[in-house]
Every structure is written in structure tokens, then in C-alpha cells.
Amino acid sequence: MKIKTAEIVMSAVKPEQYPEGDLPEIAMVGRSNVGKSSAINTLLGRKKLARVSSSPGKTRTINFYLINNAFYLVDLPGYGYAKTSKPERAAWGKMIETYLSTRENLQEVIQLVDIRHNPSQDDQLMYNWLKHFGYGSLVLATKLDKIKRSQYQKHIKNIREILEMPPESKVMALSALKKTGVEDAWEKMGSLVERPEPKEETQQEVTDGTQ
Ligand SMILES: Nc1nc2c(ncn2[C@@H]2O[C@H](COP(=O)(O)OP(=O)(O)OP(=O)(O)O)[C@@H](O)[C@H]2O)c(=O)[nH]1
Ligand SMILES: [Mg+2]
């Protein structure tokens, strides 16, 4: 996918703040610190569009990034961050759930898991919830640079088994550090949101006889 423009349009905490219009959206979900915001930057080829932090709980709003004026990538706060206070966790949970369960523009949800670790119980719940709501079970394994190449198949198999992914479903892998996996991810994601490009108007040459 050629990224011509990418800009943040809105940081929302409630539905009234979601962008208007009917452009399709792809949202990124996953545990805090799994690399959602980093993945967005990497997929867009931008260094600091989405804010990233080594401590979990960085993204606290639903951030809508408008791409090529054609679709949105949506960065969500992470789940499963134990150090957040209980009421705050509940409020975030509600915010994410409201978005995922009510947003009509939402075309697909990509679930991010850390390639090194077994998906957590929260990850399993999210995976099943998304499947139940008809999303396509697209999983993006993050931090690909943290494992040896020879261990790749083992880790992917593990993720598939724990999430009980059907054989036809796809696991993609990405390294935000090395910028690997970007093309493969867009191959899977791009078709979800790409519309045929509008034909450029061909300018009629107008000559009036004078030079
Ligand atoms: N080595 C490596 N580090 C990564 C990669 N992706 C993310 N990180 C690091 O992981 C940490 C968390 O990244 P974020 O992108 O902020 O994670 P997040 O899922 O958006 O986190 P929240 O906003 O808190 O939910 C940062 O220190 C990143 O630099 C990757 O592919 N490789
Ligand atoms: Mg984030």
C-alpha cells in the first residue's frame, strides 16, 4: 500500500467524538505495551505519528488516523495493564467495548500479540469476542525482531494453538524495530479498505489557434 497521507484526525473518548462520514476503519487491539502504536507508525512509514512508550498504558484515547483520505487506522488503549486503578481500567474497557460493538464504520479488527509470549487469557477472550462479532480473526504478532528466525514457526504455532485459530486464518508478523513484515501486513489489510482509485480527469487540451 502506498501511503500518500497520514494524519491524526481525532482522539476520542466517546462516540460523539468519532469522525463523521462513512470511511472504513481498521482497528488495532491488544494488551498494553504489545506494540499497537508502534505498529501503526511502522505500517504508515512514520516515526512519531502515534505516540509510543516503553511503559504500558500510553494510549488512553481512541485515536483515528486518516490514511490517503480513504480509510482510518484506529489505535486503541491496551487492555490487561494491572497497574492502572480499577475504576480507570473499567472506564477504558467500556470505552473500547463501546467502540468495537457499536461502530458501523469498523471494517476489520487486527489483534496484536507479542510473538514471544503465549497469548494471555485476556487475549483469548478478545479473540473469541471478535470472532463472535464476525471479525476476521486477523492476528498480527509483534516484536518479531525479539526472536530468532529459527524459532519463528514454533512461536506462530503456539499462538495459533492457544487462540484456537482455524487453519485458514492468518497470522502476520511485524518488527517495528527492523521494519519487517510491512508489505505482508498490507497485503492482508489493504484489500479490506482499498477502493478503486477515482479516475483522474483527463484535461482536454484547449487550443484557440493562437500560439
Ligand atoms: N524490539 C521491538 N520493540 C517494540 C516493537 N514494537 C513495539 N516495541 C516497543 O514496545 C513498547 C510499547 O510499544 P507501544 O507501541 O507504545 O505499545 P502499545 O501497544 O501502543 O501500548 P499502549 O498504548 O500502552 O497500549 C515500546 O517500548 C516500543 O518501542 C518491535 O517490533 N520490536
Ligand atoms: Mg499505544
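Each remark here, short or long, concerns the structure printed above.
In this report, we go over the structure that sits alongside the text. Being a predicted model, the structure only gives us computed values, none of them experimental.

Notes on the nonpolar core
Next up, step 1: Core analysis: the biggest nonpolar cluster contains 42 residues, and M28, V74, L140 and A141 have the highest contact counts within it.
Next up, step 2: If we skip the residues at most four places from it in the chain, A141 touches V113, I115, I156, I159, V171, M172 and A173.

Focus: the site of ligand 1
Next up, step 1: The immediate surroundings of ligand 1 are formed by 24 residues, with G35, S37, S38, T59 and G78 found nearest.
Next up, step 2: For the shell around ligand 1, the element with the highest residue contribution is helix 1 (residues 36–44), accounting for three residues.
Next up, step 3: Within the shell around ligand 1, the residues separate by chemical class into six nonpolar, 13 polar and five charged.

A closer look at the sheet that holds strand 6 (residues 138–142)
Next up, step 1: Taken together, seven strands build an open sheet; the order of strands is 1-3-4-2-5-6-7 and the sheet is mixed. The open sheet has two free edges, formed respectively by strand 1 (6–12) and strand 7 (171–173), since each of these has just one partner strand. The sheet shows a mean angle of 25° between the axes of neighbouring strands, direction not considered.
Next up, step 2: Looking at chain direction, strand 2 (residues 25–30) and strand 5 (residues 106–114) are connected through six bridges and run parallel. When the sheet's bridge partners are listed, V29 is paired in strand 5 with Q111.
Next up, step 3: Sitting on the sheet, helix 3 (residues 121–132) touches strand 2 and strand 5, and the angle it makes with strand 5 is about 160°.
Next up, step 4: The sheet contacts of helix 4 (residues 152–163) involve strand 5, strand 6 and strand 7, and relative to strand 6 the element is tilted by about 135°.

With respect to unusual backbone geometry
Next up, step 1: With phi around 50°, N68 is a residue other than glycine that occupies positive phi space.
Next up, step 2: With respect to the element layout, N68 can be found in the loop between strand 3 (62–67) and strand 4 (71–75).
Next up, step 3: Phi is positive for E164, which is not a glycine, with a value near 55°.
Next up, step 4: Among the structural elements, E164 can be located in the loop between helix 4 and strand 7.
Next up, step 5: By the C-beta count within 10 Å, which is 11 here, E164 ends up exposed.

A few points about the pairing of strand 3
Moving residue by residue along a regular strand, the side chains alternate between the two faces of the sheet.
Next up, step 1: With five of six residues buried, strand 3 is to be regarded as a mostly interior element.
Next up, step 2: Direction of pairing for strand 1 relative to strand 3: antiparallel, over a ladder of six bridges. When the sheet's bridge partners are listed, E7 is paired in strand 3 with L66.
Next up, step 3: Pairing of strand 3 with strand 4 involves five bridges; the strand directions are antiparallel. Residue pairing in the sheet places F64 in a bridge with V74 of strand 4.
Next up, step 4: Turn length for the strand 3-strand 4 hairpin, with the two strands adjacent in sequence and antiparallel, is three residues, and the turn residue N68 shows positive phi of about 50°.

Cut-offs and rules
Residues numbered from 1 in each chain as written. Chains lettered and ligands numbered in written order. Predicted model: local features only at pLDDT ≥ 70, side-chain atom pairs only at ≥ 80, totals over all residues. Core = buried A, V, L, I, M, F, W, Y, C linked by C-beta atoms within 7 Å. Buried ≥ 20, exposed ≤ 12 C-beta atoms within 10 Å, placed from the backbone. Contact = placed C-beta atoms within 7 Å. Near = placed C-beta within 6 Å. Helix = DSSP H or I, 4+ residues; strand = E, 2+ residues; numbered from the N terminus. Nonpolar A, V, L, I, M, F, W, Y, C, P; charged D, E, K, R; others polar. Pairing = 2+ DSSP bridges. Axes fitted to C-alpha atoms, helices over the stretch in contact; angles between N-to-C directions.

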